[in-house]
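Observations on chain architecture
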Amino acid sequence: MSQETPSHPTPDMLLTEIDHIAIAVRDLEAAIEFYRNAFGAEVDHREVVESDGVEEALLKVADSYIQLTVATRPDSPIAKSIEKRGEGLHHVGYRVDDCAAALEAMVAAGATPIDKAPRPGSRGTTVAFVHPKGAFGTLIELVQE
Ligand code: CO
């Protein structure tokens, strides 16, 4: 089925930054070590998000992050993704000023929300995920600081 584009007013540009690129890995320590050895990258922030079943290590790149992500339990979305597709790119986090408004705009443009409403993310952010189906194959996370 091709993606329908409902007609609606074009919003003002809602994205302020690439917040993070999330990479699903099996071994967080090994991935951190690799990024250190390859790029001299250091962990800026590390956090277990128990509600999502993940542990994240954030490596700062200018005003964005590389987010190395490991599953903390077998039913974690990261575990399922690695099972299906192996390690690698998992989602892109777009920084926005207003998560609810950006989610609404995406839905109006034909996307399918995973989160019906914004919810707490890591680093004290507010986030909402949008399904890759209806977003040209990319799992998108809207991130409001
Ligand atoms: Co994320």
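In this text the structure is predicted, and so the values were computed from the model without any measurement.

Rules and cut-offs
- Every chain is numbered on its own, with residues counted from 1 as its sequence reads.
- Residues qualify for local features only when their pLDDT is at least 70, as the model is predicted, and side-chain atom pairs are given and counted only at 80 or more; totals for whole chains, interfaces and linings, by contrast, use all residues.
- The basis for the side-chain values is all heavy atoms of the structure; hydrogens and waters are excluded.
- At least two bridges found by DSSP between two strands is the condition for calling them paired.
- Starting at the N terminus, helices and strands are each numbered in turn, a helix being any DSSP run of H or I of at least four residues and a strand any DSSP run of E of at least two.
- Only heavy atoms matter for contacts: two residues are in contact if any of them lie within 4.5 Å across the pair.
- To define axes, lines are fitted to C-alpha atoms, for helices over the stretch in contact only, and angles between the resulting N-to-C directions are given on a 0 to 180 degree scale.
- We define a nonpolar core as any set of buried Ala, Val, Leu, Ile, Met, Phe, Trp, Tyr and Cys residues linked to one another through side-chain atoms lying within 4.5 Å.
- Think of it in three bands: with a 1.4 Å probe and only protein chains considered, a residue is buried below 20% of the maximum accessible area for its type, exposed above 50%, and partly exposed in between.

**Some points on the sheet that holds strand S2 (residues 43-49)**
The eight strands lie next to each other as S2-S3-S4-S1-S5-S8-S7-S6, forming an open sheet whose pairing is mixed. Strands with a single pairing partner mark the edges of an open sheet, and in this sheet they are S2 and strand S6 (119-120). Two elements, strand S3 (residues 54-61) and strand S4 (residues 64-71), share eight bridges in a ladder whose sense is antiparallel. Paired with Ala-57 across the strands is Leu-68, a residue of S4. The sheet contacts of helix H2 (residues 77-85) involve strand S1 (15-24), S3, S4 and strand S5 (88-96), and relative to S4 the element is tilted by about 85°.

**Remarks on the nonpolar core**
Grouped together as the largest cluster of nonpolar side chains are 12 residues: Ile-23, Val-25, Leu-28, Ala-31, Ile-32, Tyr-35, Ala-41, Ala-57, Leu-59, Ile-66, Leu-68 and Val-70. Counting residues per element, the ones that place at least two in this core are helix H1 (28-39), S3 and S4. In this structure, Ile-32 is in contact with Val-43, Arg-46, Ala-57 and Leu-68, ignoring residues within four places of it in sequence. The next biggest cluster of nonpolar side chains, apart from the first, holds 11 residues, and it includes Cys-99, Val-130, Ile-140 and Leu-142.

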